[in-house]
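# What the coordinates show
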Amino acid sequence: MIYNTLSDIDFKNKKVLLRVDYNVAVKDGKITDDSRILASLETIRELLAQQAKVILCSHFGRPKGKVDARFSLLPVAQRLAEILQKEVIFPSDSVGMEVQKLANELKEGQILLLENLRFYPEEESNDTLFSQKLAQLADVYVNDAFGAMHRAHASTAGVTQFFKEKAIGRLVEKEISFLGGLIQQPKKPFVVILGGAKVSDKIAVIENLMNYADAFLIGGGMAYTFLKAQNFTVGKSLVDDLKISQAKKILERAHIKGVKFLLPVDSYIAEKFEEGTTYRLAENDEDWKDNMGLDIGDQTVVQFGQLIKNAGSVFWNGPMGVFEFKEFQRGTFAIAKFLAESNATTIVGGGDSLAAIHQSGYADQITFLSTGGGASLEFLEGKELPGLAVLKKKKIMSEV
Ligand code: ADP
Ligand code: MG
């Protein structure tokens, strides 16, 4: 491991600043998905067992650098206390005298959760003074917020310069071992499934994974940019016109390298983007007029399924259709079932993709659910994540 882990540090009696990703899904002040809280427990429990004093910090939503009660971490503090059956001290701030006092008074095995870091614009601007104030709260730093590691913010980057002892947490360790496995020695054939809406975010990951993958299965909204690049009729479907030429190049490169690159051979289409709308399978070019593709069709599902069945490893990011509307969840759930039934190492990442996989009922049959959306993609693009780079082990002179 090129990064320091929890195993490299003695935490006894030390105050640990633990950066977690508590950017949870909330509706009407209630947490609707606590998987990010659950994902943080392993590291927290390990630190508590070692008699550390745990100071948790996280961002939550986009309060735009201002105190905003809608983005308070209070519901998270409450849920965490419930799960751990333990008091979680929750001040109304993340830095300053009151917080510093609470940190200093912490006892071994106690937990403090700081208020949303993004109430300060200094968090996202990676401000040095703010970083220093955060760092002053603790003796040791641990980052277990994989989903935030692609950002160089005060709590993920700036703060680390003030700590001698720093490490990645157990969740991050797991993330980089599963995702890293895909770009080091994937079990072959390695199948990459991509979908969703954000073509521009995901096209770069195709470029890099082209070096490792044996097949790409492209569905969801992003498929129509590739179909249009091949002059297929796509009607009013979601298309990123600025990415057409890059899509063409990718298709050519796949062809030259002998990498399979499957696009939908059929689609369910509708005139309106809404739940309950009438929809049908597109039969011919005429059908596409004033219509958009909102799910992959049945023949596509069969073709994708054959490749998934024979895969050694599968990475999936991005739903195959607008799964939020029940009319268009068939493709996504069918792919989820193929993954669940496959013997391959299966990894699923992405905010909406995780929501879809949970909704499908197959989540517990997936090898690893990555908590990173953008971070997982940038990692697979081969980029060095700024939050990880700062936690590399220092080379000892004799090793150089
Ligand atoms: P993730 O969050 O997993 O990274 P994205 O945010 O890229 O995935 O995409 C998810 C969204 O893509 C979903 O809200 C879904 O409704 C939408 N989507 C999927 N297929 C289509 C389509 N054919 N047309 C428009 N939107 C789509
Ligand atoms: Mg999304």
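Structure shown above.
Right, let's walk through the structure included here. All values derive from a computational prediction rather than experimental measurement.

### Concerning the pattern of salt bridges
Per the stated rule, a full pass over the model turns up 23 salt bridges. Notably, a salt bridge pairs Glu-165 with Lys-14, separated by 3.1 Å at the nearest N-O pair. Pair noted here: Glu-165 is in the loop between strand 7 (140–143) and strand 8 (166–168) and Lys-14 is in the segment before strand 1 (15–19), with a separation of 151 residues, a long-range link. Overall, Glu-165 belongs to the partly exposed group, its relative accessible area being 31%. For Glu-275, the salt bridge goes to Lys-326, with nearest N and O atoms at 4.0 Å. Note that Glu-275 is positioned in the loop between strand 12 (267–270) and strand 13 (279–281) and Lys-326 in the loop between strand 15 (313–317) and helix 12 (330–341), a separation of 51 residues in sequence. Take Lys-326: its relative accessible area is 55%, and that puts it in the exposed class.

### Regarding a positive patch on the surface
A surface patch of positive charge is lined by Arg-62, Lys-64, Lys-66 and Arg-151. By the secondary structure assignment, Lys-64 is in the loop between strand 4 (53–57) and helix 3 (74–84). Lys-64 gets classed as exposed once you look at its relative accessible area, which sits at 71%.

### What to know about the site of ligand 1
Neighbouring residues of ligand 1: 19 residues in total, closest Lys-202, Gly-293, Glu-324, Asp-352 and Ser-353. Residue Gly-351 places a main-chain N or O atom 3.4 Å away from an oxygen atom belonging to ligand 1. Of all the secondary structure elements, the ones that give two or more residues to the shell around ligand 1 are strand 14 (292–296) and helix 13 (351–360). For the shell around ligand 1, the leading source of residues is helix 13, giving three residues.

### A closer look at the layout of surface pockets
Space inside the second largest pocket adds up to approximately 310 Å³. As for the second largest pocket, its lining consists of 16 residues, of which Ile-2, Tyr-3, Ile-176, Gln-184 and Phe-379 are closest to the centre. In terms of residue count, helix 7 (residues 170–184) provides more of the lining of the second largest pocket than any other element does, six residues in total.

### A short note on the packing of helix 12 against helix 13
The geometry of helix 12 relative to helix 13 is characterised by a closest axis approach of 10 Å and an angle of 75° between their N-to-C directions. With respect to helix 13, the axis of helix 12 lies roughly perpendicular. Of the residues in helix 13, those touching helix 12 at Thr-332, Phe-333 and Ala-336 are Ala-356, Ile-357, Gln-359 and Ser-360. Residues belonging to the contact of helix 12 with helix 13 are distributed by class as follows: four nonpolar, three polar and no charged.

### Quick word on the sheet that holds strand 7
Neighbouring strands of a sheet are bound in pairs by backbone hydrogen bonds; such pairs are parallel or else antiparallel. Spatially, 5-6-4-1-7-8 is the arrangement adopted by the six strands of the open sheet, whose pairing is parallel. Looking at strand neighbours, the two that pair on one side only are strand 5 (88–89) and strand 8, the edges of this open sheet.

What counts, and where the lines are drawn
- Residues numbered from 1 in each chain as written.
- Chains lettered and ligands numbered in written order.
- Predicted model: local features only at pLDDT ≥ 70, side-chain atom pairs only at ≥ 80, totals over all residues.
- Heavy atoms only, no water.
- Salt bridge = Lys/Arg side-chain N within 4 Å of Asp/Glu carboxyl O.
- Helix = DSSP H or I, 4+ residues; strand = E, 2+ residues; numbered from the N terminus.
- Buried < 20%, exposed > 50% of the residue type's maximum accessible area, 1.4 Å probe, protein only.
- Patch = residues over 30% accessible without salt bridge, like charges linked within 9 Å, V, L, I, M, F, W, Y side chains within 5 Å.
- Areas by Shrake-Rupley, 256 points an atom, 1.4 Å probe, with all protein chains shown as cover.
- Lys, Arg positive; Asp, Glu negative; His and termini not counted.
- Charge placed at Lys NZ, Arg CZ, Asp CG, Glu CD.
- Near = heavy atom within 4 Å.
- Polar contact = N/O pair within 3.5 Å; in protein donor to acceptor, adjacent residues only side chain to side chain.
- 1 Å grid on protein atoms, 1.4 Å probe; cavity = no way out; pocket = protein on both sides within 12 Å on 5 of 7 lines; lining within 4 Å.
- Points joined across faces, edges and corners; volume = space filled by probe spheres on them.
- Axes fitted to C-alpha atoms, helices over the stretch in contact; angles between N-to-C directions.
- Parallel < 35°, antiparallel > 145°, perpendicular 65-115°, else oblique.
- Contact = heavy atoms within 4.5 Å.
- Nonpolar A, V, L, I, M, F, W, Y, C, P; charged D, E, K, R; others polar.
- Pairing = 2+ DSSP bridges.

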